[in-house]
Amino acid sequence: MEIKQKCSLFQAEIDKQLAELKAQNLILQRDNQRLRQQHSLLEQKLNAALDGTGLCVWEQHIPSGNLTMYNMEWGSLLGYTIDELAAHIDSWKGNLHPEDRDWVIANFDDHISGKTDSYDVTHRMLHKDGSVSWVSDRGRVIEFDDSGKPLRIMGTHVDITKEKRYELELDKLAHRDPLTDLLNRKALLKVFERQRNRLGSGALMFIDLDDFKSHNDRYGHKFGDSLLMQIASTLQDIIVESNNVARLGGDEFVILFESLSQVELASIADRVLTAFATISHVEGRTVNIGMSIGICVFTDQSFTQVYEQADQAMYKVKRQGKNAYHFYSDPLV
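Residues numbered from 1 in each chain as written. Predicted model: local features only at pLDDT ≥ 70, side-chain atom pairs only at ≥ 80, totals over all residues. Heavy atoms only, no water.

## Digging into the overall build of the protein chain
Next up, step 1: Scanning the protein chain for helices and strands turns up nine helices and twelve strands.
Next up, step 2: Per-residue burial for the protein chain yields a buried fraction of 40% across its 333 residues.
Next up, step 3: Counting contacts in the protein chain only where the partners sit at least 6 residues apart, residues at least 24 apart contribute 58% of the total.
Next up, step 4: Carbon and sulfur atoms provide 51% of the accessible area of the protein chain, an area that totals close to 19,700 Å². (Helix = DSSP H or I, 4+ residues; strand = E, 2+ residues; numbered from the N terminus. Buried < 20%, exposed > 50% of the residue type's maximum accessible area, 1.4 Å probe, protein only. Contact = heavy atoms within 4.5 Å. Areas by Shrake-Rupley, 256 points an atom, 1.4 Å probe, with all protein chains shown as cover.)

Have a look at this one:
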């Protein structure tokens, strides 16, 4: 009887403990459900805050290279599905723009190795459709293993393509002639200063159209604009020795060269005159296009001095019958 009583008491104690554990488990389940709901709500709030910003939060497990994107699917920024592009550091590296790949990876590796406090770069990536996306990438190592080696890095990835295109367009407007897309005076001056600082010399070719005003007055501004655009396109096609072709306004074109050889420069001027001698149809009208070209070979002069000397050489051509070229030689030219 005594043994039965002890067993009964023992069983009652077990039942009591089980009941307490069940009650505690129920509380834990409710707490877990509440935490899950809170977590889900926080995720919804985060995604709502990030939607439309082009920003995503990422984390990389450094030893494996595996990537996790917290508010969008991996690859979606570049037009891929998760099945098309593995969520791995190698996929990211493979889609970096070829011109940016080496220096971007070097910046990332410098932070992982502890050389820098953070990873912070703006670079280009290749979209699935072949277009280029601009991104601002930032990250910082947030966890180390027991031996002190970096374990996890976390950061943000922001699509700034629209902003970058707008910035590039503004830069283009600031440095390009809006009609012909050639360099404008401001841009040419910058190129001239860089060349003078680097080489200390070069040559400037000043081209002025013959009788442009009479053509423009006779046929109208639309005809004049078409003629200028055709001339700009032809100059870019035939002058492979220089990318520094500019329109300074009206019918004035300037080309900057590194060469000092009068023989080479004369050959280029001949090619220009020959090329435009064959252009006769603009906006359905037949016209004769002549060019007066002044060339100044310079060493250490300012842009204003060189421009004025080439201009003087050009006006000598005008006085001698037009449609030719002349080198500036002395102040009495």
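## A word on helix α8 (residues 262–277)
Next up, step 1: Here α8 is 16 residues long and its end C-alpha atoms lie 22 Å apart, about the 22 Å a rise of 1.5 Å per residue gives.
Next up, step 2: Those residues of α8 that fall on the buried side of the exposure criterion are Leu-265, Ala-266, Ile-268, Ala-269, Val-272, Leu-273, Ala-275 and Phe-276. (Expected span 1.5 Å × (residues − 1).)

## Some remarks on helix α7 (residues 221–238)
Next up, step 1: Given a rise of 1.5 Å per residue, 18 residues ought to cover 26 Å, and the 26 Å separating the end C-alpha atoms of α7 matches this to within 8%.
Next up, step 2: Here α7 has its buried residues at Phe-223, Gly-224, Ser-226, Leu-227, Leu-228, Ile-231, Ala-232, Thr-234 and Leu-235.

## Some points on the sheet that holds strand β2 (residues 66–69)
Next up, step 1: An order of β2-β1-β5-β4-β3 is seen for the five strands of this open sheet, with the pairing classed as antiparallel. The sheet is open, and its two borders are formed by β2 and β3 (119–126), each paired with just one other strand. For this sheet the average axis-to-axis angle between neighbouring strands, irrespective of direction, equals 30°.
Next up, step 2: Here strand β4 (residues 132–144) pairs with strand β5 (residues 150–159) via nine bridges, running antiparallel. Within the sheet, the bridge partner assigned to Arg-140 lies in β5 and is Met-154.
Next up, step 3: Against the sheet, helix α3 (residues 101–112) engages β1 (55–61), β3, β4 and β5, with an angle of about 150° to β3.
Next up, step 4: Strands β4 and β5 of the sheet are contacted by helix α4 (residues 161–175), whose axis makes an angle of about 130° with β4. (Pairing = 2+ DSSP bridges. Axes fitted to C-alpha atoms, helices over the stretch in contact; angles between N-to-C directions.)

## Points about the pattern of salt bridges
Any two side chains of opposite charge can pair if their charged atoms end up close together.
Next up, step 1: Summed over the entire model, instances satisfying the criterion amount to twelve salt bridges.
Next up, step 2: Between Lys-115 and Asp-110 there is a salt bridge, and its shortest N-O distance comes to 4.0 Å.
Next up, step 3: One salt bridge in this structure joins Arg-196 and Glu-193, with 3.0 Å as the shortest N-O distance. Here Glu-193 and Arg-196 lie together in helix α5 (residues 185–198), a separation of three residues that amounts to about one turn. (Salt bridge = Lys/Arg side-chain N within 4 Å of Asp/Glu carboxyl O.)

## Digging into the sheet that holds strand β7 (residues 245–249)
Across a sheet, paired strands are connected by hydrogen bonds in the backbone, their directions being either parallel or antiparallel.
Next up, step 1: Sheet architecture is open: five strands sit in the order β7-β8-β6-β11-β12, paired in mixed fashion. Whereas interior strands pair on both sides, the edge strands pair on one side only; in this sheet they are β7 and β12 (324–327). Within this sheet the neighbouring strands show an average axis-to-axis angle of 20°, counted without direction.
Next up, step 2: Examined bridge by bridge, strand β6 (residues 201–210) and strand β11 (residues 290–299) share ten bridges and lie antiparallel to one another. Across the sheet, the residue bridging to Leu-204 is Cys-296, located in β11.
Next up, step 3: Packed on one face of the sheet, α5 meets β6, β7, β8 (252–257) and β11 and runs near 20° to β8.
Next up, step 4: Here α8 sits on the sheet in contact with β6, β8, β11 and β12, set at roughly 160° to β11.

## Things to note about the packing of helix α6 (residues 212–219) against α7
Next up, step 1: Viewed as axis vectors pointing N to C, α6 and α7 meet at an angle of 135°, and their least axial separation amounts to 6 Å. Compared by their axis directions, α6 and α7 come out oblique. Here Phe-212, His-215, Asn-216 and Tyr-219 of α6 come into contact with α7, specifically with His-221, Phe-223, Gly-224, Leu-227 and Leu-228.
Next up, step 2: Considering only residue class, the contact of α6 with α7 consists of five nonpolar, four polar and no charged. (Parallel < 35°, antiparallel > 145°, perpendicular 65-115°, else oblique. Nonpolar A, V, L, I, M, F, W, Y, C, P; charged D, E, K, R; others polar.)

## Some remarks on the packing of aromatic side chains
Next up, step 1: Taken as a whole and judged by the stated rule, the model has eight aromatic pairs.
Next up, step 2: For the ring pair Phe-192 and Phe-298, a centre distance of 4.9 Å and an interplane angle of 40° mean the geometry is tilted. Placement of Phe-192 in helix α5 and of Phe-298 in strand β11 is noted, with a sequence separation of 106 residues between them.
Next up, step 3: Overall, the relative accessible area of 0% leaves Phe-192 in the buried class.
Next up, step 4: Their ring planes at 75° and their centres at 5.3 Å tell us that Phe-192 and Phe-303 sit as a pair that is edge-to-face. Within this pair, whereas Phe-192 is found in helix α5, its partner Phe-303 is found in helix α9 (residues 303–319), the two being separated by 111 residues in sequence. Just as Phe-192 is buried, Phe-303 falls in that class too.
Next up, step 5: In this structure an aromatic cluster arises from ring pairing among Phe-192, Phe-206, Phe-298, Phe-303 and Tyr-307.
Next up, step 6: Over the face of the ring belonging to Trp-134 we find Lys-164, whose NZ or CZ atom lies 4.7 Å from the ring centre.
Next up, step 7: Over the aromatic face of Tyr-307 sits the side chain of Arg-185, whose NZ or CZ is 5.2 Å from the ring centroid. (Phe/Tyr/Trp six-rings, centres within 6.5 Å; stacked < 30°, edge-to-face > 60°. Lys NZ or Arg CZ within 6 Å of the ring centre and 35° of its normal.)

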